[in-house]
Structures are given as C-alpha cells and as structure tokens.
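A look at the structure
What follows is the residue order along each chain.
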Amino acid sequence: MIKRLRVWWIVGVLLTALLVGAACTSDDDVDDDGEDATATSAPTNGEAATATPFTGTILTPEDVLRKDGTATKEVEIEWGWMFELSGPPQIQIFATVTGDGVLFAVQEINDAGGFQIGDTIYTIKLLEHDTESDPNKTIGITRQLIVDDEVNVIWGPASFGEAEATVITQAEQVLHLCACQDRGLTSLSSVEKAAGESHWAFQTLPLVSRFFLQGALNVKEDHPEYERVAIICIDSEIGRSICELYEESYSAAGFEIVGVKVFPPGTSDYTPLLTNLKQQNPDILLNFDDPTAQLNILGQALDMNVASSYNTSLPPDIVQAAFGDRLEGKEVTAGGIPRQATVPTSEAAAAYFERYAEFSGGELPLASFVSLLSYDFVYMLVAAMQQAGTVEDTTAIADALETIHYAGAAEDDIYFNEQHFSVIGSDGCIVRFEQPIECSHDAPVRD
Amino acid sequence: MSQELSVFMQQLFNALTISGVYALVALGITVIFGLTGIVKFSIGELLTLGAFLTFAFWEGGTTFFLAVPLAAIAVGGFSLLLERGAFRFTLDQPINGFIVSLGLILVLQNLIIEIWGVGFKAPIRPFTQVWEVGGVSMPVQRWFVVWVAVVIIGLLFMVLRYTKYGRAMRACAEDRDAAALMGIPVALVIAGTFALGGALAATAGGLLASLFAIQPFLGSQYLLKGFAVALVGGLGNVEGAVIAAVLVGLTETMGSGYLATEWRDAYTFGLLIAILLVRPRGLFPARGRLQETLQ
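Residues numbered from 1 in each chain as written. Chains lettered and ligands numbered in written order. Predicted model: local features only at pLDDT ≥ 70, side-chain atom pairs only at ≥ 80, totals over all residues. Heavy atoms only, no water.

**Examining the overall build of chain A**
Basically, it comes down to this: In this text, helices come from DSSP runs of H or I with a minimum length of four residues, and strands from runs of E with a minimum of two, each type numbered from the N-terminal end. Accessible area is worked out with a 1.4 Å probe on protein chains only. A residue is then buried under 20% of its type maximum, exposed over 50%, and partly exposed in between. The method behind every accessible area is Shrake-Rupley, applied with a 1.4 Å probe, and residues are considered shielded solely by the protein chains displayed.
Of regular secondary structure, chain A possesses 14 helices and 15 strands. Among the 447 residues that make up chain A, the fraction classed as buried is 60%. With the model as given, the accessible surface of chain A reaches about 16000 Å², and the carbon-plus-sulfur share is 48%.

**Description of the interface of chain B and chain A**
Selection rule: The contact rule is simple, with two residues in contact once any of their heavy atoms fall within 4.5 Å. Here the quantity called buried area is the total loss of accessible area, with a 1.4 Å probe, experienced by two parts when brought into contact, counted for both. Only one rule defines a salt bridge in this text: a Lys or Arg side-chain nitrogen within 4 Å of an Asp or Glu carboxyl oxygen.
On the chain A side, the residues contacting the 37 residues of chain B number 36 residues. Across the chain B/chain A interface, buried area totals approximately 2900 Å², and carbon plus sulfur atoms make up 53% of it. For the chain B face of the interface with chain A, the top three residues by lost area are Phe120, Thr261 and Glu262 of chain B, together amounting to 22%. Between the two partners, chain B and chain A, sit 3 salt bridges. A salt bridge links Arg125 of chain B to Asp303 of chain A, with the shortest nitrogen-to-oxygen separation between them at 2.7 Å.

**Section: the nonpolar core**
Quick reminder of the rule: Side-chain atoms within 4.5 Å are what join buried Ala, Val, Leu, Ile, Met, Phe, Trp, Tyr and Cys residues into a set we call a nonpolar core.
If you look at the biggest cluster of nonpolar residues, it comprises 83 residues, and the most contacted ones within it are Leu27, Ile29, Leu47 and Tyr222 of chain B. Counting 61 residues, the second-largest nonpolar core is a separate cluster that includes Ala95, Trp155, Ala158 and Ala410 of chain A.

**Overview of the side chain of Ser309 of chain A**
With respect to the secondary-structure elements, Ser309 of chain A resides in strand β10 (residues 309-311). Dropping the residues within four chain positions of it, Ser309 of chain A is found in contact with Tyr226, Asp283, Ile284, Leu285, Glu331 and Thr333 of chain A.

**Thoughts on the pairing of strand β9 (residues 284-287) of chain A**
Residue and element names in this part refer to chain A. As a reminder, the rule being used: At least two bridges found by DSSP between two strands is the condition for calling them paired. Here a crossover is taken to be right-handed if, once the strands point away from the viewer, the path from the first strand over the helix to the second is traced clockwise.
On β9, burial covers both faces: Ile284 and Leu286 on one face and Leu285 and Asn287 on the other are all buried. Direction of pairing for strand β7 (residues 228-234) relative to β9: parallel, over a ladder of 4 bridges. Its bridge partner lying in β9, Ile232 is registered against Asn287. Bridge count for β9 against β10 is 3 bridges, and the pairing is parallel. Note that in β10 the partner of Ile284 across the bridge is Ser309. Handedness of the β-α-β unit built from β9, helix α10 (residues 291-304) and β10 comes out right-handed.

**Topic: the environment of Glu114 of chain B**
Tracing the backbone through its elements, the reader meets Glu114 of chain B in helix α4 (residues 94-116). In the structure, Glu114 of chain B is positioned 102 residues away from Pro216 of chain B in sequence and 9.9 Å away in space, judged by C-alpha atoms.

**Notes on the packing of aromatic side chains**
All names here are of chain A. Keep this limit in mind: Between the rings of Phe, Tyr and Trp (Trp by its six-membered ring), a pair exists once the centres lie within 6.5 Å; its type follows the angle of the planes, with under 30 degrees stacked, over 60 edge-to-face, and the other angles tilted.
Inspection of every chain in the model, using the stated rule, returns 29 aromatic pairs over all chains. Ring geometry for Tyr250 and Phe255: centres 5.3 Å apart, planes at 45°, overall tilted. Comparing Tyr250 with Phe255 shows no difference in burial state: the two are buried. Ring geometry for Tyr352 versus Tyr375: centroids 4.5 Å apart, planes at 55°, classification tilted. Taken together, the positions of Tyr352 in helix α12 (residues 347-359) and Tyr375 in helix α13 (residues 375-388) put the pair 23 residues apart, joining distant regions of the chain. With respect to class, Tyr352 is no different from Tyr375; both count as buried. Grouped by ring-pair contacts, the aromatic residues Phe104, Tyr352, Phe353, Tyr356, Phe359, Tyr375, Tyr379 and Tyr406 constitute a single cluster.

**What to know about the state of the cysteines**
All names here are of chain A. So the rule is basically this: Disulfides are defined in this document as cysteine sulfur pairs within 2.5 Å.
Within this structure, the stated rule accounts for 1 disulfide over all chains. Note that Cys233 is cross-linked by a disulfide to Cys243, the S-S spacing being 2.3 Å. Taking the torsion about the S-S bond as the criterion, the Cys233 to Cys243 disulfide, at about 115°, is right-handed. With Cys233 in strand β7 and Cys243 in helix α8 (residues 237-252), this pair connects stretches of sequence that are 10 residues apart. You'll find Cys233 and Cys243 in the same group, each marked buried.

**Considering unusual backbone geometry**
Residue and element names in this part refer to chain A. Cis geometry is found at the peptide bond from Gly156 to Pro157, where omega equals 0°. With respect to the helices and strands, the residue Pro157 is situated in the loop between β4 (153-155) and α6 (162-171). Look at Glu132: it is not a glycine, yet its phi comes out positive at around 55°. The residue Glu132 is located in the loop between β3 (120-130) and α5 (135-148) in this model. Residues other than glycine seldom take positive phi values, yet Asn281 does so here, at roughly 50°. When you line up the elements, Asn281 lands in the loop between α9 (271-278) and β9.

**Some thoughts on the sheet that holds strand β2 (residues 115-117) of chain A**
Residue and element names in this part refer to chain A. Keep this limit in mind: Fitted lines through C-alpha atoms give the axes, limited to the stretch in contact for helices. The angle between two N-to-C directions lies from 0 to 180 degrees.
An order of β2-β3-β1-β4-β5-β6 is seen for the 6 strands of this open sheet, with the pairing classed as mixed. Among the strands making up the open sheet, the edge pair consists of β2 and β6 (201-203). For this sheet the average axis-to-axis angle between neighbouring strands, irrespective of direction, equals 30°. Pairing analysis gives 3 bridges linking β4 to strand β5 (residues 175-178), with the strands arranged parallel. Each residue of the ladder has a partner; that of Trp155, found in β5, is Leu177.

**Focus on a nonpolar patch on the surface**
Residue and element names in this part refer to chain B. Put simply, the test is: Nonpolar side chains (Val, Leu, Ile, Met, Phe, Trp, Tyr) are joined into patches within 5 Å and like charges within 9 Å, using only residues with over 30% relative accessible area and no salt bridge.
A contiguous nonpolar patch, built from Leu5, Phe8, Met9, Leu12, Tyr258 and Leu259 and spanning about 530 Å² of accessible area, is present on the exposed surface. Among the elements that line the nonpolar patch, the one with the most residues is helix α1 (residues 3-36), at 4 residues. Summarising the element assignment, Phe8 is placed in helix α1.

**Section: the pairing of β5 of chain A**
Look at any regular strand and the pattern is simple: side chains alternate between the two faces of the sheet. Residue and element names in this part refer to chain A. Neither face of β5 is open: one carries Leu175 and Leu177, the other His176 and Cys178, and all of them are buried. Assessed by its sense of winding, the connection that carries the chain from β4 through α6 to β5 is right-handed. As judged from the 3 bridges shared by β5 and β6, these two strands associate in the parallel manner. Counted as the bridge partner of Cys178 is Gln203 from β6.

**A few points about the pattern of salt bridges**
Taken as a whole and judged by the stated rule, the model has 15 salt bridges over all chains. Close ionic contact of Asp269 of chain A with Arg142 of chain B constitutes a salt bridge, the shortest N to O distance being 2.9 Å. With Asp269 of chain A in the loop between β8 (256-263) and α9 and Arg142 of chain B in helix α5 (residues 140-162), this pair bridges two chains. The exposure class assigned to Asp269 of chain A is buried, which follows from its relative accessible area of 9%. Look at Arg142 of chain B and you get buried, because its relative accessible area is 4%. Here Glu239 of chain B and Arg161 of chain B are joined by a salt bridge, their closest N and O atoms 3.0 Å apart. Remark: Arg161 of chain B occurs in helix α5 and Glu239 of chain B occurs in helix α10 (residues 238-258); sequence separation between them is 78 residues. The partly exposed category is assigned to Glu239 of chain B, whose relative accessible area is 36%. Bridged by salt links that share partners, the residues Lys225, Glu252, Arg264 and Asp265 of chain B form one connected network.

**Let's talk about the packing of α1 of chain B against α10 of chain B**
When two helices pack together, their arrangement is captured by the angle between the axes and the distance separating the axes. Residue and element names in this part refer to chain B. For the record, the criterion: Here the angle decides the label: under 35 degrees means roughly parallel, over 145 means roughly antiparallel, 65 to 115 means roughly perpendicular, and every other value means oblique. Definitions for this section: a left-handed crossing has its near helix turned counterclockwise from the far helix by less than a right angle. A right-handed crossing has that turn clockwise. Residues are sorted three ways: Asp, Glu, Lys and Arg are charged, Ala, Val, Leu, Ile, Met, Phe, Trp, Tyr, Cys and Pro are nonpolar, and all the rest, Gly among them, are polar.
Look at α1 against α10: their axes get within 6 Å of each other, and the N-to-C directions meet at 140°. One element, α1, and the other, α10, form an angle in the oblique class. At the point where α1 passes α10, the crossing takes the right-handed sense. When its residues are assigned to classes, the contact of α1 with α10 shows 19 nonpolar, 7 polar and 2 charged.

Printed below as a string of structure tokens:
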C-alpha cells in the first residue's frame, strides 16, 4: 500500500525529469520533423470498458461564477496556500505549477467579480507561503494559518510535509486540498468512505492504479488481437511497484504477462534482457522509467524487434523525433499518462493552456499540465460552498464537495470518490512512422 | 539455426559490443596507473566529457565520424592540462593523486551540468540499419563500435610495442628513475600518457553517445566497470585489460541474459572478487615499478 500510493508522485517527478530533460535537449537533439509532425487528433472521449457516465448535473465554471444581481454585500475570504517554492528542483517544479493552478483559478474568480452565496459576493485572498520543502516548516505554516490567520481552507503542499500538515488540518476540521500522494497513508488510508477524522481532506491526485488500468483497457480496446505482454522495470522500490501495477492492470484488462525483467540502476545496455524477453514473443513491451532509460530501452527494443507495440511514457514528439525511420512498421504508444501531459486532448484543455500561458507571462511553464491537479478543484470548492450555502461551515462544505460533479479543463466530469480521491481520466497517444501523432482522452475508470 | 543457438549468438554479440567500450575505459585507467601509480577515478568524467563534446561537435554540424576524434583530442588535451596543473605535483605521493582525482569528479560533473544541463541527449546513431542473420539482430552501429574499439586497441598495442614513445612509456613504467638516467624525458612521457588515457576515455564516451542516450552522470557507471576490468586484467597491464574486458562483458551479458537480470552488477563484481581471491594482482599482473606499488 505504501509503495503504491507513493508511485504516482514519483511517476510525476520522473515525468518532470523527462520534461526537464526534453527542455534541456535543444531542438537539434531531435529531428525537427518530430515536432512538425505532432498533431492532436480530435478528442475522442473514448470510454473505457468499465465507464458508467454520470447522469446528474455536472457544474461548469459559468455556473460557479453566475450572479443573480441580488447581492448586497462584498466580503473577502482568506485561504491558506503553501507549496514547495524552493528545495529539490523536481519537487519545486511540480509544487510551483501545482500552486500555480490555485493562483490562476483564484485570479480568474476574482477577476470575474467573485462568487455569490445568498446576498454576498465573495472574493478570495490567498495567504501565500513557501514551505521550502521542509516538513517542519510546513507544520509551522499550517499552525500559523489555522491559529493566527484562522483560515478554514488550505491548499498544498504538493509533497513534503503534507502528511504531517493533514493531521493538523483534520484535527481542526479545516478543508485541506492538495495533490498529497501520502494522504492514502494517513487520513484516507483506513477508511472505505472518508469520514470522521478525515472528512475535510481531499486528494486532487487521482490514484495511480487507475491510470495504469485505463492505459491497459485502452490498449485492449484498440488492439484486441494483442495478448502477450512483457514488462521491464528498474530494480528499485518504485520500479518494482510499477512492475506490480503493470502486471495487475494488464492482467485485469485480459492480457497474459509473459515476462517481467528488472534491471539494476545505471544500466545502459538492455540487450541481454531484451534478448531474453524476445524469446517469449510478446505483443507489447511495457516500460516506465526515467527518460534516459526509456530512450535506451525503446531504441534497443526497436532494433531487436522485440514486440509489435511498445508502451512508454516518453513524450510522443520526442519518440517520433528520436527514432524517425526506425519506427517503420512499428507502433509506440504512451497510454495511461496524466491528462493533458502531452498535448491538449479537449477544447476546454486547449483553451485552458492558452489562458494559463497568458497568466504565466506568455509561455507555459515546464510540466504545465500539473496545474490541473489544482485549478479545477478551486472551482469545485467554490461550487461546494455555494451548494452548502456557507464559506465557514467546513463540514457542510465537505459534504457538498463529496457530491459535486464538475466539467473542468482536465476532465468533463471531475468528482471525488468516497475516499476523497479525485477521479480523472488519462490520455493515450500513438506514434507511427510518418504519421501524425494521435492522442485521445481515455475516460476514467469509475467506481 | 536453432532458437537456443541464435539466442546465444545474440548474447555473444551483445557482450562483444559492451566489452569494446569497457576495454577502452579500462585501458585509459590502466595506462595511467601503470605509469604513475595513480588511480585516476576522474576518468569516468572524462568519458562523460567526451560523450558530450562528441554530441556538441555533431550538433554543430560535424559528422559523427569526425566528432569522436575531435572530442578525443580535446579531452586528451584537457587531461594533459590536468596533469600539468595538478597531477604532476602528486607523482611522488600517488594517494594525493587519487584524492585530486576524486575531487575532479565533482568539479567535472558540475562543469558538464553547467554547460549542457542535467537533461539527457538522444543517441546520435549515424547508422540505423540492423542486420538480421539467423535470427540474430545486429545493429550496424554496434558493429561500428566493436570495430573502432578493435582498431584503437590494435593501434595502442602497436604504439606501445613498436614506437619510441611506447618503449619510453614501458621503460618509465618499469623504473622511472632508471628511465630518466637513460635520457628518457619522464615528465613528458607521463604527460603524454595522461593525454592518451583521457583520449581513450573520451573515445569510449563518443562511441557510447552513438549507442545510448547520455546524461551527465554517465561516467560513474562506466568508471566502476572499467576499474573492475582493469583490476581483473591486472592494473597496469594493457593486454590483461583487453582480455578482462571481454571476460567481464561476457559474464555480465550472459549472467543477465540467462540468469536474474537484476544481479547484473553482482555477476561482474562476483567475478572480480573470485579472481582477486585467487590472483590478488589480477589475471595478468604488471611488472616492474608497478608491482612494487601494489605490494
């Protein structure tokens, strides 16, 4: 359990590392043709086999910002905002962009004149703090926000110290929303339904197992003829967890796992283990690791013709540019990747990134998709306050947040499951020789 | 060809490629140690520097085939400067040279990150064809690496055996003082050897840049393997390093091909331990002054 819940964040960090790597790789590192060939297919909104679309009311940003003209008062409310704006670079990048999502949403809401509850228009002021990636500092900031500033909503942190902060916020019945990969270890770990001590904690990060399962279901839907899967993972706690998740997800989707190979950190030459796996005649070769390893594994596997299809988390344009004509007759997929991590796969997402670029001074920051781990949820929280008719009664707001479905930038139906984990779909992309990259949106695997 | 045989041949080919790279790194370590007694751990970073310089030259429009020798010359020159600026002051105290070498790892690593960033660079791949023979997939690029390694090793042997510089180098390795008395410019020979060691490592790095994605921490992986190879072969022994490179490449590849893959490094270092238990100075111990250093 511990390993599982830590995986997504590490996956995210790896993805950030990948994006950092990609950004640090100049245009000449990869053939420009790759970028030119990148194209987004029309969003398919393909539904996974187990999806059961919600049939109730799905709120929109317009619903949240609507005012009826009867308001007579204006009040500014304060929310806590604490993220790792300094510290280890990869954590900092992720935290900054996650925090950005909150800042951006709050600015939009305030620019729209705030939100209305009854006869009052509320605007939001964020009390911003840098946790410096230090759990002790995070604890101090949490106490300061609750005791001194008397906030009843706290956003963040993204990673370090969130478990410790959650213990405090839940004891004080403060609404606490964050990506929070450790939340499953603490307040949300032992409950079927988030209640009692954990009622005010919400994790905006979807469960990693969902991503893997979505990817597997999507592959099965696209390629029913594929049956045999081989998996390669790094020999580390995280790597082995990813292997387990792959095995479980692809088995659940109806595939046969014909080989699992683990390699030691620092490996460059994967040909011995690829030779071994090739003997098993896999249809699909799966790997999710740091970008350098993935690039090496994919290149060597393509040379050795190990499988018919290769699954990677490398950005599709990098794959296309790095391997060029070596992709002829082959297919590389990136399935079950975080929503909008590569290219926007919905009109709402495309519009969001345009606005977000403007908010960021003209250019999108690195790993900009991570901002979607918070942006939509700000609107959802406001919607919950409107539904509860209060900005103060945190229990009533949490109750409302449990029931709300929201059409946001990341997903057209976002909600929290009973354990207060967000439910968001994933994206899947296919790279083929001399063809535009196709990306589509896989609907989430619903409860 | 039966499947078992083709798999075996495939693994043999896999081993051959990686052995070539290990041999070049080990030779860089062993020629410097053989002459000076200094364990130059920073050779791993010179390999990384060679890989990134090859990439930079190629990125600048130079062909890969020219980029590798250019990088080798540049790193060889840099290694020469390091010898003149630092290592020559440690020749009487090789342990100090070892410490300088450790410090250089950090300096060079940060320098590389400063210039090229922490990200990876995709392989250059001048050859993209793959030969399929009897079920064995042999990328042409890998053949190229093998042959370049063989040619360089052959040239090195010839230089050491038949040229005036090679004889001077061997004489210095046997006994520096006696070599000096015979009129050999010992300081110059040592400086040249540092340049040669650096150039060998850079060549290995350049070749690696055509096989694998490279990143600034690449060197440490190959340093350990190169050092293991040099130890197995007998530190300071050039022929021993080449034979040991093949042995280590085979052990690693066959081990991870037929047994548990996660134990790959354990096979290499298990072999190293086993050999050192039986032959504490490696399979082919060096002679002369070097032997004294090791005693």
